[in-house]
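# Working through the structure, step by step
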Amino acid sequence: MGRVSGKVALVTGAARGQGRSHAVRLAEEGADVFLIDACTDIASVRYPLPTEADLKETVELVAATGRRVTAQVADVRSQPQMNDAVAAAVSEFGHIDIVCANAGIVGFAPTWELTEDEWQDVIDVNLTGVFHTAKAVVPAMIEAQRGGSIVITSSIQAFRGSANIAHYNASKAGVMGLMRTLAGELGRNRIRVNTVNPSAVATPMLHNDATFAVFGPDLENPGPDDLWERSKARNVMDVGWVEPIDMSNAVLFLASDESRYITGASLPVDAGLLLQ
């Protein structure tokens, strides 16, 4: 028996990166999975976002574990789309036990240079998208009377702040506040709500030319090796970033009954960055 056998997980931002990794890891431990991703670019985001081909690949990876999997294109910025996706998940699987509210984007600029669109798009995806996800899924979880676990992807920056990502910092601090409120509201329904708080993670959100340029403005053609070396200085442990599987193992723990009395908590997975 797997650690989440018999459970159904809903994962947003599932087409690639952390979301894909979470979906596969939960499936490996016995969960059936419903995948959601918008699969569209956003004009203010300076790196390519996932495609429907990426989402299809995640479906195939989850299916290879032997678990049931369904995917739907839906944008967390839209409450009607999230309502439809959750309804489809409940129709397909009968209930939802685990929610990974993972969809997120980032951009870089000094606070006073952020455009209205850059600010609003990050808030809409990272913060309002979590609200839309919770608003869509919580009534179904309460009605099912099965308890459950909601795991929200925040960031280590929500504890400490960082230059040039005010919109991202604000959104990730915001979801921690939302998490605490939901945890208080849903405890008597045996629905636990927590965040995972990563530092840099090796996903396309980090590994792209726009990010390399931010961290290596003095370099002619900065790349991942340059980013690794410069990121290491921020961490107590001698690494530049963590891997998606490290985040997925944290999500799995919070989704499983091993953490049955943990709620309202924020779990750093940061290679010791907070200690600096």
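The structure presented is a predicted model; accordingly, all values stated were derived computationally and were not measured. (Residues numbered from 1 in each chain as written. Predicted model: local features only at pLDDT ≥ 70, side-chain atom pairs only at ≥ 80, totals over all residues. Heavy atoms only, no water.)

## So, the nonpolar core
Among the nonpolar cores identified, the biggest contains 41 residues, and Leu-10, Ile-105, Ile-150, Ile-152 and Val-193 are the most heavily contacted of them. Of all the secondary structure elements, the ones that give two or more residues to this core are strand S1 (8–12), strand S2 (32–37), helix H3 (79–93), strand S4 (98–101), helix H4 (116–144), strand S5 (148–153), helix H6 (166–186) and strand S6 (191–198). Here the element with the most residues in this core is H4; it accounts for eight residues. In contact with Ile-150, other than residues within four places in its own chain, are Val-99, Val-138, Met-141, Leu-186, Ile-191, Arg-192, Val-193 and Asn-194. With 29 residues, the next largest nonpolar core counts Val-4, Val-62, Val-69 and Val-251 among its residues. (Core = buried A, V, L, I, M, F, W, Y, C linked by side-chain atoms within 4.5 Å. Buried < 20%, exposed > 50% of the residue type's maximum accessible area, 1.4 Å probe, protein only. Helix = DSSP H or I, 4+ residues; strand = E, 2+ residues; numbered from the N terminus. Contact = heavy atoms within 4.5 Å.)

## As for the layout of surface pockets
There is about 230 Å³ of room inside the second largest pocket. What lines the second largest pocket is a set of 13 residues, and nearest its centre among them are Gly-148, Arg-190, Arg-192, Asp-257 and Arg-260. Here the lining of the second largest pocket is built from residues that sort into three nonpolar, three polar and seven charged. (1 Å grid on protein atoms, 1.4 Å probe; cavity = no way out; pocket = protein on both sides within 12 Å on 5 of 7 lines; lining within 4 Å. Points joined across faces, edges and corners; volume = space filled by probe spheres on them. Nonpolar A, V, L, I, M, F, W, Y, C, P; charged D, E, K, R; others polar.)

## Here's the deal with the environment of Ala-200
Assignment of secondary structure puts Ala-200 in the loop between S6 and helix H7 (209–215). The spatial distance from the C-alpha of Ala-200 to the C-alpha of Ala-271 is 9.4 Å, given a sequence separation of 71 residues. If we ignore the near neighbours within four places in the chain, the residues touching Ala-200 are Leu-206, Gly-240, Trp-241 and Val-242.

## Digging into the pattern of salt bridges
On inspection of all chains with the given rule, the structure shows 11 salt bridges. Note that Glu-258 and Arg-3 form a salt bridge whose closest N and O atoms lie 2.8 Å from each other. In this pair, Glu-258 is assigned in the loop between helix H9 (244–255) and strand S7 (266–269) and Arg-3 in the segment before S1, connecting sequence segments 255 residues apart. By relative accessible area, which is 45% here, Glu-258 ends up partly exposed. The class of Arg-3 is partly exposed, set by a relative accessible area of 32%. For Asp-32, the salt bridge identified is with Arg-67, shortest N-O distance 3.1 Å. (Salt bridge = Lys/Arg side-chain N within 4 Å of Asp/Glu carboxyl O.)

## Quick notes on the packing of aromatic side chains
Counted by the stated rule, this structure contains one aromatic pair. Ring geometry for Trp-228 against Trp-241: centres 4.8 Å apart, planes inclined by 80°, an arrangement best described as edge-to-face. Of this pair, Trp-228 sits in helix H8 (residues 224–232) while Trp-241 sits in the loop between H8 and H9, placing them 13 residues apart in sequence. (Phe/Tyr/Trp six-rings, centres within 6.5 Å; stacked < 30°, edge-to-face > 60°.)

## Details of the sheet that holds S5
In any sheet, the strands associate via hydrogen bonds between backbone groups, in a parallel or an antiparallel arrangement. Read from one edge of the open sheet, seven strands run S3-S2-S1-S4-S5-S6-S7, paired in parallel fashion. A single partner strand is all that each edge strand has here, and the edge strands are strand S3 (69–73) and S7. On average, each strand axis in the sheet is inclined to that of its neighbour by 15°, with strand direction left out of account. Where H6 meets the sheet, it contacts S5, S6 and S7, and its direction lies at approximately 160° from that of S6. (Pairing = 2+ DSSP bridges. Axes fitted to C-alpha atoms, helices over the stretch in contact; angles between N-to-C directions.)

## Quick notes on the state of the cysteines
Following the criterion strictly, the structure yields zero disulfides and no others. Not engaged in a disulfide, the cysteine Cys-39 finds its nearest cysteine sulfur in Cys-100; these two sulfurs lie 17 Å apart. A residue is classified by how much of its surface remains accessible, and Cys-100, at 1% relative accessible area, is buried. (Disulfide = S-S within 2.5 Å.)

## Some thoughts on the side chain of His-167
Along the chain, the position of His-167 falls in helix H6. The buried category is assigned to His-167, whose relative accessible area is 1%. Beyond its immediate stretch of four places on either side in the chain, His-167 contacts Gly-107, Phe-108, Leu-114, Glu-118, Trp-119, Val-122 and Ile-123.

## Let's talk about the packing of H4 against H6
It is at 8 Å that the axes of H4 and H6 come closest, and there the two elements cross at 15°. On the basis of the axis angle, H4 is roughly parallel to H6. Of the two elements, H4 crosses H6, and the hand of that crossing is right-handed. Contacts between H4 and H6 involve Glu-118, Trp-119, Val-122, Ile-123, Asn-126, Leu-127, Val-130, Phe-131, Ala-134, Val-138 and Ile-142 from the first element and Ala-166, His-167, Tyr-168, Ala-170, Ser-171, Lys-172, Gly-174, Val-175, Leu-178, Leu-182 and Leu-186 from the second. (Parallel < 35°, antiparallel > 145°, perpendicular 65-115°, else oblique. Left-handed = near helix turned anticlockwise from the far one by under 90°.)

## What to know about helix H2 (residues 52–63)
Relative to the 16 Å expected for 12 residues at 1.5 Å per residue, H2 spans 16 Å between its end C-alpha atoms, a close match to the ideal helical length. What H2 keeps buried is the set Asp-54, Leu-55, Thr-58 and Val-62. All buried residues of H2 fall inside an arc of 100° around its axis, so they share one side. Along H2, exposed side chains directed more than 90 degrees from the buried face belong to Glu-52, Ala-53 and Lys-56. The secondary structure elements touched by the buried residues of H2 are helix H1 (17–28), S2 and S3. (Expected span 1.5 Å × (residues − 1). Arc of directions from axis to C-beta.)

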